[in-house]
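# An overview of the molecular structure
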Amino acid sequence: MTALKQSTGPKLDHNSTDCRAVSGVLARVGDKWSVLIIVMLGDGPKRFNEIKRAVGGISQRMLTLTLRGLERDGLVTRTIFPTIPPRVDYELTKLGRSLWAAVEPLGLWAQGIHKAQEKFDQKKS
């Protein structure tokens, strides 16, 4: 048996601050609700109920938690308008728009995969 050649680069410490920070960001981006909300906000600000209606299957609590997380991460801003009842809009920040620019092509790619799967499945029927 041959031994695996070890990398000559620096050893990765999975407990390092940098590694934990990257893991946290990837967890946010990998969350299905976050990505859907980021994509949806790509065409402009939305109210809470608009987002809830557009993102099928998300509970009010999960939407609230997801929006708070996106706001904490600097991806979304929350603006309260002093009306009765108060109006709250959510909008992508500059950082959020940069994430949208990265995930939009992924969404298009996923749609292509879905079409290919449908075509394949029709052949089997």
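Our structure's up above, just so we're on the same page.
Per chain, residues are indexed from 1 in the order of the written sequence. In view of the model being predicted, local features appear only for residues whose pLDDT reaches at least 70, and side-chain atom pairs are presented and counted only at 80 or more, with totals across whole chains, interfaces and linings using the full set of residues. For the side-chain quantities, the full set of heavy atoms in the structure was used; hydrogens and water were omitted.

## With respect to the nonpolar core
Taken as a class, soluble globular proteins show a tendency for nonpolar side chains to be buried jointly. Throughout this description, the term nonpolar core refers to a set of buried Ala, Val, Leu, Ile, Met, Phe, Trp, Tyr and Cys residues connected via side-chain atoms within 4.5 Å. The buried label applies to any residue whose accessible area, calculated with a 1.4 Å probe on protein chains only, is under 20% of its type's maximum; exposed applies above 50%, and partly exposed to all values in between. One finds I37, I38, I51, V76 and Y90 to be the most contacted residues of the largest nonpolar core, which totals 19 residues. Strands are runs of DSSP state E lasting at least two residues, helices are runs of H or I lasting at least four, and both sets are numbered from the N terminus onward. When contributions to this core are tallied by element, the ones reaching two or more residues are α2 (32-40), α3 (48-54), α4 (60-72), β3 (87-92) and α5 (94-124). Any two residues whose heavy atoms approach within 4.5 Å at even a single point are treated as in contact. Excluding its chain neighbours within four sequence positions, the residues that come into contact with Y90 are L41, P45, K46, F48, I51, L67, V76, T77 and R78.

## Points about α5
Taking 1.5 Å as the rise per residue, α5 with 31 residues should run 45 Å; its terminal C-alpha atoms sit 46 Å apart, in good agreement. Here the bend at each residue means the angle between axes fitted to two seven-residue stretches, the one ending at that residue and the one beginning there. Bending of α5 peaks at approximately 25 degrees at the position of A102, with proline P105 no more than four residues after it. Those residues of α5 that sit buried are G96, L99 and V103. The span expected for a helix works out to 1.5 Å for each residue beyond the first.

## A closer look at a nonpolar patch on the surface
Together, L106, W109 and I113 make up a nonpolar patch on the protein surface, roughly 330 Å² of accessible area in all. Topologically, W109 is positioned in helix α5. Exposure above 30% relative accessible area and no salt bridge define the residues that can form patches, which grow by joining like charges within 9 Å and nonpolar side chains of Val, Leu, Ile, Met, Phe, Trp and Tyr within 5 Å. Per-residue accessibility takes into account occlusion by the displayed protein chains alone, with areas from the Shrake-Rupley method and a 1.4 Å probe. Note on definitions: salt bridges are taken to be side-chain nitrogens of Lys or Arg within 4 Å of carboxyl oxygens of Asp or Glu.

## Let's talk about the packing of α2 against α4
Relative placement of two packed helices is described by the angle separating their axes and the distance separating the axes. All axes are obtained by fitting lines to C-alpha atoms, using only the stretch in contact for helices, and the reported angles, taken between N-to-C directions, cover 0 to 180 degrees. Packing of α2 against α4 leaves a shortest axis separation of 10 Å and a crossing angle of 70 degrees. The pairing of α2 with α4 is recorded here as roughly perpendicular in orientation. Where α2 abuts α4, its residues W33, S34, I37 and I38 lie against M62, L63, T66, L67 and L70. Residue polarity follows a fixed list, in which Ala, Val, Leu, Ile, Met, Phe, Trp, Tyr, Cys and Pro are nonpolar, Asp, Glu, Lys and Arg are charged, and the others, Gly among them, are polar. Here the residues of the contact of α2 with α4 are counted per class, giving seven nonpolar, two polar and no charged. In these notes the angle categories are as follows: under 35 degrees is roughly parallel, over 145 is roughly antiparallel, 65 to 115 is roughly perpendicular, and the rest is oblique.

## Looking at the pattern of salt bridges
Here the structure, examined in full by the defined rule, presents two salt bridges. One salt bridge connects R87 with D89, and the closest N-O pair in it is separated by 2.7 Å. For D89, a relative accessible area of 10% puts it in the buried group.

## Here we look at the sheet that holds strand β2 (residues 76-81)
Spatially, β1-β3-β2 is the arrangement adopted by the three strands of the open sheet, whose pairing is antiparallel. Each end of this open sheet is capped by a strand with a single partner; those strands are β1 (46-47) and β2. Pairing analysis gives two bridges linking β1 to β3, with the strands arranged antiparallel. Residue pairing across strands places R47 opposite D89, the latter belonging to β3. Two strands make a pair as long as DSSP finds a minimum of two bridges between them.

Purely geometric stuff here, so don't read any function into it on its own.
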